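The residues making up each chain are set out below.
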Amino acid sequence: MRIQAHLPDTMNTAAIQIGRRAFLRRGAAALGIALAAPAVLPSSVLGREGIKAPSDRITMGFIGLGGQGAGHLLGGAWTYVPGGYVARNDVQVLAVCDVRKERRDSAHQRASQMYARKLGRSQYAGIEACSDFRELLARPDIDAVLLALPYHWAAPMSILAMRAGKDVYCEKPVAITLREGRVLVETARRFGRVFQAGTQQRSEYDGKFRIACELVRNGRIGQLREVYAYRQPGALFPSAWTSNESRPVPAGFDWDMWLGPLPWRPFGGEAGHALPGLLIGDLNWSPHHYDFIQWTVNPDIAAPIEADYEPAAGASSGAAHPGGVAGRPEDGQTHIRFSNGVVVHSIGFPGEPVGGEGGACFVGTQGRIAVDRARIVADPDRILREPIRSTDARVERSDSHSGNFLDCVRTRRQPIAHVEAAVRTMNTILAGGIAMALRRTVRLDPVKGEFIGDEQANRLRSYSTRPPWRL
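Residues numbered from 1 in each chain as written. Predicted model: local features only at pLDDT ≥ 70, side-chain atom pairs only at ≥ 80, totals over all residues. Heavy atoms only, no water.

**Digging into the sheet that holds strand E16 (residues 367-371)**
Basically, it comes down to this: Two strands pair if DSSP finds at least two bridges between them. Numbered from the N terminus, helices here are DSSP runs of H or I no shorter than four residues, and strands are runs of E no shorter than two. We call two residues in contact when some of their heavy atoms are within 4.5 Å. To get an axis, a line is fitted to the C-alpha atoms, and for a helix only the part in contact is used. The angle between two axes follows their N-to-C directions and goes from 0 to 180 degrees.
On the basis of which strands lie adjacent, the open sheet formed by 9 strands has the order E17-E16-E15-E9-E14-E13-E12-E18-E19 and mixed pairing. The outermost strands of the open sheet, each flanked by one partner alone, are strand E17 (376-379) and strand E19 (450-451). Of the pairings in the sheet, the one linking strand E13 (residues 333-337) to strand E14 (residues 343-345) comprises 3 bridges and is antiparallel in character. Its bridge partner being in E14, Ile336 is matched across the sheet by Val344. Lying on the sheet, helix H9 (residues 286-297) is in contact with strand E9 (224-228), E13, E14, strand E15 (360-364) and E16; it crosses E15 at an angle near 25 degrees.

Written as structure tokens, this is what we have:
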């Protein structure tokens, strides 16, 4: 007998397999813990003291335990629940995983201590720590995973997780190539999985972004003409895959697994989300703001998207990056045009006070609205004094991004930042980034995920991945 979580047909070499003996050993170990426990069951097991019974809890695994992942697990500024998922009474964390031993051990120890305190015990042994995410995905008792990963791992690991039967909450960017995004959507549909992107501006920040969205959609600034995005789009543009710099890999750091699908290169120092020379523009903050912009603009999702590049003042449009043009492409700006005529500029509105935390400014024929995480402002200011009417068009409301995800895991509804919305956002960002890299206009067919009549741009839709990490 073999338990196998099936992966894409072209990824069979990375199939997740656990032999019968290993499976039985794990079951026997769990049974041993149960038999060694006191015969008197704690009230938490029975679903008392505000803690749901085990049958009503969502079991979760956490992969990626840096600042973002550990914050979700244990409590952070973006989780909005003190103590993170461990503190939730409707969740049971069963496993944590990271390629860095110090992160893995720290998260495991802290989460175990929190559960021990919650249950009134001296210790808790219900969480597994692993370095290889495939071990976590192979567990049939895990319902959902939260992924907070280096950029290049987000889509491949989400795809593997959904093929293993897990629902997925994935931090942005959910994909760094157009091809990854297409496979991500296809996988979620084929396996019927819930997918929530970590673009929490749809849910959090006292509803500022939702309010701005509804005001613009209901014509409070007249006809929407243009948007100032405050953040550049971005794309994968491997100008320097390899490096001559080589340093010893820190103890306890699985560098080969960290690289994963990326072409091999020696360890050259601290590795954060990506490697130097891999990216152009902004793939970190831009998904938050372009997601909100797309939500508000509400373009035809099947119509072509046009992106063009405007070089910085005094610079020539010149050759494609990294050609011999002075200055970085990021120093210019991009303009993205949707089929409804709205243009998104990748620079803040001149003189606009909002924008320190990203955000956007929407300009219409009768006024403008600007919003970021700190505040929302309008010109004229009466726009904000007129409440949304019961007859106005509304968008979905969520007051908790993590809560929305968990509710959809239970009900099988589509979450507020679902996979199609997340990939549409990334397609827009990647189209703008590729226009920036090529220093010219490109036109994207969002349905096919291809640039229209543009062989050079289409070569940037994906990259050659290392085996066995093939899409």
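**Thoughts on the side chain of Glu171**
To be explicit about the condition: Here a polar contact is taken to be a pair of N or O atoms separated by no more than 3.5 Å, where protein atoms must pair a possible hydrogen donor with a possible acceptor and residues adjacent in sequence count only if both atoms sit in side chains.
Take Glu171: it is sitting in the loop between strand E7 (167-170) and helix H6 (178-191). In this structure the side chain of Glu171 is engaged in a polar contact, spanning 3.2 Å, whose partner is the side chain of Gln68. Sequence-distant contacts of Glu171, defined by excluding residues within four places in its chain, comprise Gln68, His72, Leu147, Ala148 and Gly198.

**Here we look at the pairing of strand E4 (residues 91-97)**
Defined as follows: Using a 1.4 Å probe on the protein chains alone, a residue whose accessible area is under 20% of its type maximum counts as buried, one over 50% counts as exposed, and one in between counts as partly exposed. Convention used here: a crossover is right-handed provided that the path from the first strand, over the helix, to the second strand proceeds clockwise when the strands point away from the viewer.
Within E4, 7 of the 7 residues are buried, which leaves it mostly tucked inside the rest of the structure. Of the strand pairs in this sheet, strand E3 (residues 58-63) and E4 are connected by 6 bridges, and their pairing is parallel. Considered in E4, the bridge of Phe62 is made with Val96. Pairing analysis gives 3 bridges linking E4 to strand E5 (residues 128-130), with the strands arranged parallel. Following the sheet pairing, Val96 is matched in E5 by Ala129. Note on the crossover from E4 through helix H3 (residues 101-119) to E5: the handedness is right-handed.

**Considering unusual backbone geometry**
Cis geometry is adopted by the peptide bond preceding Pro173, which originates at Lys172 and carries an omega value of -5 degrees. Along the polypeptide, Pro173 turns up in the loop between E7 and H6. A cis geometry characterises the amide bond from Pro467 onward to Pro468, with omega recorded as 10 degrees. One non-glycine residue, Tyr230, adopts positive backbone phi at about 65 degrees. Assignment of secondary structure puts Tyr230 in the loop between E9 and strand E10 (234-236). Judged by relative accessible area, which is 15%, Tyr230 ranks as buried.

**Things to note about the pattern of salt bridges**
Counted only if it meets this: Salt bridges are counted wherever a side-chain nitrogen of Lys or Arg sits within 4 Å of a carboxyl oxygen of Asp or Glu.
Considering all chains together, one arrives at 27 salt bridges under this definition. With its nearest N and O atoms 3.8 Å apart, the salt bridge here joins Glu386 to Arg382. A relative accessible area of 39% means that Arg382 is categorised as partly exposed. A salt bridge links Glu455 to Arg459; its shortest N-O distance comes to 3.6 Å. In this structure, a network of salt bridges that share partners links the residues Arg220, Arg382, Glu386, Arg389 and Asp392.

**Comments concerning the sheet that holds E3**
With parallel pairing, 6 strands are arranged side by side in an open sheet as E5-E4-E3-E6-E7-E8. Single-partner strands in this sheet number two, and they are E5 and strand E8 (195-197). Strand-to-strand twist across the sheet, computed as the mean angle between neighbouring axes with direction ignored, equals 20 degrees. Sheet strands touched by helix H5 (residues 151-163): E3, strand E6 (144-147), E7 and E8. Its angle to E7, the strand with the most contacts, is close to 165 degrees.

**Details of the environment of Asp167**
In this structure, Asp167 sits in strand E7. Placed 242 residues apart in sequence, Asp167 and Val409 show a C-alpha to C-alpha distance of 6.9 Å. Setting aside residues no more than four positions away along its own chain, Asp167 makes contact with Asp143, Ala144, Val145, Arg193, Val194, Phe405, Val409 and Arg412. A polar contact is formed between the side chain of Asp167 and the side chain of Arg412, at a distance of 2.6 Å.

**Some thoughts on the side chain of Arg202**
Residue placement: Arg202 occurs in the loop between E8 and helix H7 (208-217). Judged by relative accessible area, Arg202 falls into the buried class, the value being 7%. Separated by 2.9 Å, the side chains of Arg202 and Asp291 make a polar contact. Look past the residues within four positions of Arg202 in its chain and what remains in contact with it is Asp291, Trp295, Ser398, Ile416, Ala417 and Ala421.

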